[in-house]
Amino acid sequence: MLGLWRKIRRTGRVAEPAPPLAVGEVPAIAAALGGSVQVRHVDAGSCNGCEVEIGSVFGPVYDAERYGARLVASPRHADALLVTGPVTRNMAEPLRRTYDAVPGPKAVVAVGDCARDCGVFAGAYGVAGAVRDIVPVDVEIPGCPPRPEAIVEGLRKLTGR
């Protein structure tokens with residue numbers, strides 16, 4: 001056991017360096033968040049493809065926490081909402097209430113094609129619309145499902161790290 005501790009101490013922390021921050025449109029809210037963002041995930045009616053990728057984003061490989069993004073369990077503790085899926089009729093009001101429960105300044109990130117423009121569910125009878133039809137959206141992440149790198153890049157736009 002002692003040998004293992006020595007090896008850990010000799011090796012130190014091993015992590016890839018952060019890729020360069022993508023040049024692009026940075027939301028105005030990013031400066032107010034101060035380099036750290038607490039994120040509340042909301043599934044507004046997705047197929048769970050985006051949720052699998054979000055799980056990867058906050059896992060040990062992509063580790064979004066090193067860029068200042070952290071998942072929280074309550075909208076009252078959140079700075080941003082990470083919304084997936086088209087907003088169904090049953091989720092339109094809960095999404096509005098969740099958005100209202102987030103203290104200001106707040107941001108909304110629409111993850112995936114379904115959240116951006118309803119994707120393959122556009123025109124379905126149970127769909128109320130895209131996320132931007134229900135609450136204001138600050139960052140949109142394209143893809144079906146989006147790659148974990150794209151989600152990390154979107155969160156880095158909010159943190160500026």
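Just so you know, these numbers come straight off a predicted model, no measurement behind them.

Visitor: What should I look at first to understand the confidence of the model for the chain in this one?
Guide: It should be kept in mind that the predicted coordinates are not to be read in detail where pLDDT is low. Scored by pLDDT, the chain comes out at a mean of 88, with 95% of its residues at no less than 70. Averaged pLDDT values over the elements of the chain bottom out at 77 in helix H2 (residues 29–33) and peak at 95 in helix H4 (residues 89–101).

Visitor: I'm lost on the environment of Pro-17 in this one. Help?
Guide: With respect to the helices, strands and loops of the structure, Pro-17 is situated in the loop between helix H1 (2–11) and H2. The exposed category is assigned to Pro-17, whose relative accessible area is 70%. For the pair formed by Pro-17 and Val-109, sequence separation is 92 residues and the distance between their alpha carbons is 25 Å.

Visitor: Would you mind going over a nonpolar patch on the surface with me for this structure?
Guide: Together, Met-1, Leu-2, Leu-4, Trp-5 and Ile-8 give the surface a local cluster of nonpolar side chains, amounting to about 600 Å² of exposed area. Within the secondary structure layout, Met-1 lies in the segment before H1. A relative accessible area of 73% places Met-1 in the exposed class.

Visitor: Sorry, what's going on with the side chain of Ser-46 here?
Guide: By the element assignment, Ser-46 lies in the loop between strand E1 (37–43) and helix H3 (49–57). Reaching out from Ser-46, the side chain makes a polar contact with the backbone nitrogen of Asn-48 at a distance of 3.2 Å. A polar atom in the side chain of Ser-46 sits 2.9 Å from the side chain of Glu-51. Excluding residues within four positions of it along the chain, Ser-46 makes contact with Glu-51, Thr-84, Gly-85 and Pro-86.

Cut-offs used in this document
- Residues numbered from 1 in each chain as written.
- Predicted model: local features only at pLDDT ≥ 70, side-chain atom pairs only at ≥ 80, totals over all residues.
- Heavy atoms only, no water.
- pLDDT = per-residue confidence, 0-100.
- Helix = DSSP H or I, 4+ residues; strand = E, 2+ residues; numbered from the N terminus.
- Buried < 20%, exposed > 50% of the residue type's maximum accessible area, 1.4 Å probe, protein only.
- Patch = residues over 30% accessible without salt bridge, like charges linked within 9 Å, V, L, I, M, F, W, Y side chains within 5 Å.
- Areas by Shrake-Rupley, 256 points an atom, 1.4 Å probe, with all protein chains shown as cover.
- Salt bridge = Lys/Arg side-chain N within 4 Å of Asp/Glu carboxyl O.
- Polar contact = N/O pair within 3.5 Å; in protein donor to acceptor, adjacent residues only side chain to side chain.
- Contact = heavy atoms within 4.5 Å.

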